[in-house]
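Structure at a glance
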Amino acid sequence: MVESMNKKEDEIIVRKGARLIVPDRPVIPYIEGDGIGADIWRAAKVVLNHAVEKAYGNKRSIAWKEVLAGEKAMRKLGTGLPEDTLQAFRHYLIGMKGPMGTPVGGGARSLNVALRKELDLYVCQRPVRWFNGLPAPVVHPEHVNMVIFRENTEDVYSGIEFELGTDENTRFLKLLESNFPEQFKKVRFPGTTSFGVKPISSEGSRRLVASAIRFALTNGRKSVTLMHKGNIMKFTEGGFRKWGYSVAEEEFGDDVFTHLQWEKIKSEKGEDAANYSKQESLAKGKVYVKDMIADAVFEAVLTRPLEFDVIAAPNLNGDFLSDALAAQVGGVGIAPGANINDDTGAAIFEATHGTAPLFANTNKANPSSLILSGEMMLRYIGWNEAAEFVIRGLEGALAARTVTFDIHRLIPDATLVSTDGFAEAMKQAMS
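Notes on the structure in this doc start here. Bear in mind the structure is a predicted one, so any value in this text is a computation, not a measurement.

Considerations on the nonpolar core
- Core analysis: the biggest nonpolar cluster contains 97 residues, and Ile94, Val224, Met377 and Leu378 have the highest contact counts within it.
- Ranked by the residues each element gives to this core, the list is headed by helix H1 (residues 37-56), at 9 residues.
- Among the nonpolar cores identified, the runner-up in size contains 16 residues, and Met146, Met227, Val301 and Leu325 belong to it.

See the structure below:
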């Protein structure tokens, strides 16, 4: 499979209605990424290409097309996110990317955020599961099998902030004091405060929760939990909860059973109906939509992981939870992710970890996050047979206790291999 600049229509994935039309040799644009990006991309393409070949022989293949972003784009073009890169993702619909750096404090806004906003990829989908052979800090990591749907464009990702000492901050403070005196009184130290605005909309919340419910229905998942901090942030995160329940009942009807419906049954029938077995019976055969306060979710996924299936959350909650869950099953080095527009079908699949610049070009990094993101991509385009080969390869490599240095530090009696060596171990395990 070779790099392709070909733009023939029969190599472009398109969306028709609710389904993707995928040619036998689609062009998939990719961003190599910063830091360890070159190393893990080299390994990921070897594994994904081999999986496709094992599944379909020469009948199908992927024409990988590199597009530039991040440090490589800055060096070559003087901009971190060229318009040509955005156009390529719009044109070809499906893409992949390695990790890109995000400055802390001052400096430019995240290129990852910019990509998601420019392409309106409003779903950040993060499946979390354990693979046998991976070290884990919990007693039963095999009980963790969840998919996080994190809103990808609002909340803190809006990036609306006013820095202390700037004219913008002073004007915002005066606006608050003059027009919203009750809210101004809640600012503990107004003279030394930076401000951030947290927008959460009905539209953004409803489409995110609808995507989570559709995924649950399509994939045989039993429940969708709305994760929120609505007890404190009553109109933003509380709104997320309210709008989530609304879209569940208005758009999905008899396919779902909601906790609000259960509360109504309890109030009408009294305490006789207030038992969990009755609740399960009413939800049987449907997706059960419930909600939980964010801090309680963090406790419950550790102590009662079997109670969770799909979790829908505003941006910041979902960000924290995704990485915390990844830690329960082996770390972010093995955690895949996707950014999706469930209306247009556009999607970018990505490694979920950072750029690890200390290990750039050392051939040491774990490529599993990017490889499993490619596995998600294969399923997304309907190439499930190839995706199964990827899973077989990963399971086989881990069963043989063949690991990269990040895992080897935790199980030092395993066999240590390079990034390329791990890709080769996965290839061998597919046969």
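Moving on, there is more to tell.
Quick word on helix H14 (residues 384-399)
- With 16 residues, H14 should reach 22 Å at 1.5 Å per residue; the first-to-last C-alpha distance of 22 Å fits that figure.
- Those residues of H14 not exposed but buried are Ala386, Ala387, Phe389, Val390, Ile391, Gly393, Leu394, Ala397 and Leu398.
- Just downstream of H14 lies arginine 401, where phi reads positive at about 55°.

Comments concerning the packing of aromatic side chains
- Scanning the model with the defined rule gives 10 aromatic pairs in all.
- With a centroid separation of 4.5 Å and an interplanar angle of 20°, the aromatic rings of phenylalanine 162 and phenylalanine 172 are classed as stacked. Linking phenylalanine 162 in strand S8 (residues 160-162) with phenylalanine 172 in helix H5 (residues 167-179), this pair joins segments that are 10 residues apart in sequence.
- Ring pairing ties together the aromatic residues Tyr30, Trp41 and Trp64, which thus form one cluster.
- The side chain of arginine 129 reaches across the aromatic face of phenylalanine 131, ending 4.0 Å from its centre.

Some details on the pattern of salt bridges
- Enumeration over the complete set of coordinates arrives at 29 salt bridges.
- Residue aspartate 420 pairs with arginine 42 through a salt bridge whose shortest N-O separation is 3.0 Å. Within this pair, whereas aspartate 420 is found in helix H16 (residues 419-430), its partner arginine 42 is found in helix H1, the two being separated by 378 residues in sequence.
- Judged by its relative accessible area of 35%, arginine 42 falls in the partly exposed class.
- A network of salt bridges, in which partner residues are shared, links Glu32, Glu66 and Lys72.

Some remarks on helix H4 (residues 111-118)
- Residues of H4 that are buried: Leu111, Asn112, Val113, Leu115 and Arg116.
- In the core, the buried residues of H4 are packed alongside strand S3 (27-31), helix H3 (83-92), strand S5 (94-97), strand S14 (336-340) and strand S15 (347-351).
- Where H4 terminates, the next one or two residues include aspartate 120, which has phi positive at roughly 50°.

With respect to the sheet that holds strand S10 (residues 223-228)
- Strand order in the open sheet made by the 11 strands is S4-S3-S5-S15-S14-S6-S7-S13-S10-S12-S11, with mixed pairing throughout. In this open sheet, the two edge strands, each paired with only one partner strand, are strand S4 (63-66) and strand S11 (256-258). Recorded for the sheet is a direction-independent mean angle of 25° between the axes of neighbouring strands.
- Two elements, S5 and S15, share 4 bridges in a ladder whose sense is parallel. Bridge pairing links isoleucine 94 to alanine 347 in S15.
- Running at roughly 150° to S3, H3 makes contact with S3, S4, S5 and S15 of the sheet.
- Docked against the sheet, helix H13 (residues 368-380) engages S3, S4, S5, strand S6 (123-129), S14 and S15, running at close to 160° with respect to S15.

Topic: the packing of helix H8 (residues 237-252) against helix H9 (residues 259-269)
- The N-to-C vectors of H8 and H9 enclose an angle of 85°; their axes lie 10 Å apart at closest approach. Taken together, the axes of H8 and H9 are roughly perpendicular relative to one another. Judged by residue contacts, Arg241, Tyr245 and Glu249 of H8 engage His259, Leu260 and Gln261 from H9.
- A breakdown of the residues in the contact of H8 with H9 according to their chemical character gives 2 nonpolar, 2 polar and 2 charged.

Re the side chain of serine 368
- Within the secondary structure, serine 368 sits in helix H13.
- Owing to a relative accessible area of 2%, serine 368 belongs among the buried residues under this scheme.
- A polar contact of 2.7 Å, which involves the side chain of serine 368, links it to the side chain of asparagine 366.

A closer look at the pairing of strand S13 (residues 310-313)
- Judged by which residues are buried, S13 turns out to be covered on both faces: Val310 and Ala312 on one side and Ile311 and Ala313 on the other are all buried.
- In terms of strand pairing, strand S7 (residues 145-151) meets S13 through 4 bridges, oriented parallel. Opposite phenylalanine 149, over in S13, you have alanine 312 as the bridge partner.
- The pairing of S10 with S13 spans 3 bridges and is parallel. Counterpart to threonine 225 in the pairing with S13 is isoleucine 311.

Concerning the packing of helix H7 (residues 202-218) against H8
- Closest axis-to-axis distance for the H7/H8 pair is 8 Å, and the angle between their directions is 55°. Put simply, H7 runs oblique to H8. Remark: the crossing between H7 and H8 carries right-handed chirality. On H8, the residues that touch Ser202, Ser205, Arg206, Leu208, Val209, Ala210, Ile213, Arg214 and Leu217 of H7 are Phe240, Trp243, Gly244, Ser246, Val247, Ala248, Glu250, Glu251 and Phe252.
- Its residues assigned to classes, the contact of H7 with H8 comprises 10 nonpolar, 4 polar and 4 charged.

Procedures and definitions
- Residues numbered from 1 in each chain as written.
- Predicted model: local features only at pLDDT ≥ 70, side-chain atom pairs only at ≥ 80, totals over all residues.
- Heavy atoms only, no water.
- Core = buried A, V, L, I, M, F, W, Y, C linked by side-chain atoms within 4.5 Å.
- Buried < 20%, exposed > 50% of the residue type's maximum accessible area, 1.4 Å probe, protein only.
- Helix = DSSP H or I, 4+ residues; strand = E, 2+ residues; numbered from the N terminus.
- Expected span 1.5 Å × (residues − 1).
- Phe/Tyr/Trp six-rings, centres within 6.5 Å; stacked < 30°, edge-to-face > 60°.
- Lys NZ or Arg CZ within 6 Å of the ring centre and 35° of its normal.
- Salt bridge = Lys/Arg side-chain N within 4 Å of Asp/Glu carboxyl O.
- Contact = heavy atoms within 4.5 Å.
- Pairing = 2+ DSSP bridges.
- Axes fitted to C-alpha atoms, helices over the stretch in contact; angles between N-to-C directions.
- Parallel < 35°, antiparallel > 145°, perpendicular 65-115°, else oblique.
- Nonpolar A, V, L, I, M, F, W, Y, C, P; charged D, E, K, R; others polar.
- Polar contact = N/O pair within 3.5 Å; in protein donor to acceptor, adjacent residues only side chain to side chain.
- Left-handed = near helix turned anticlockwise from the far one by under 90°.

Distances and angles like these do not, on their own, reveal function.
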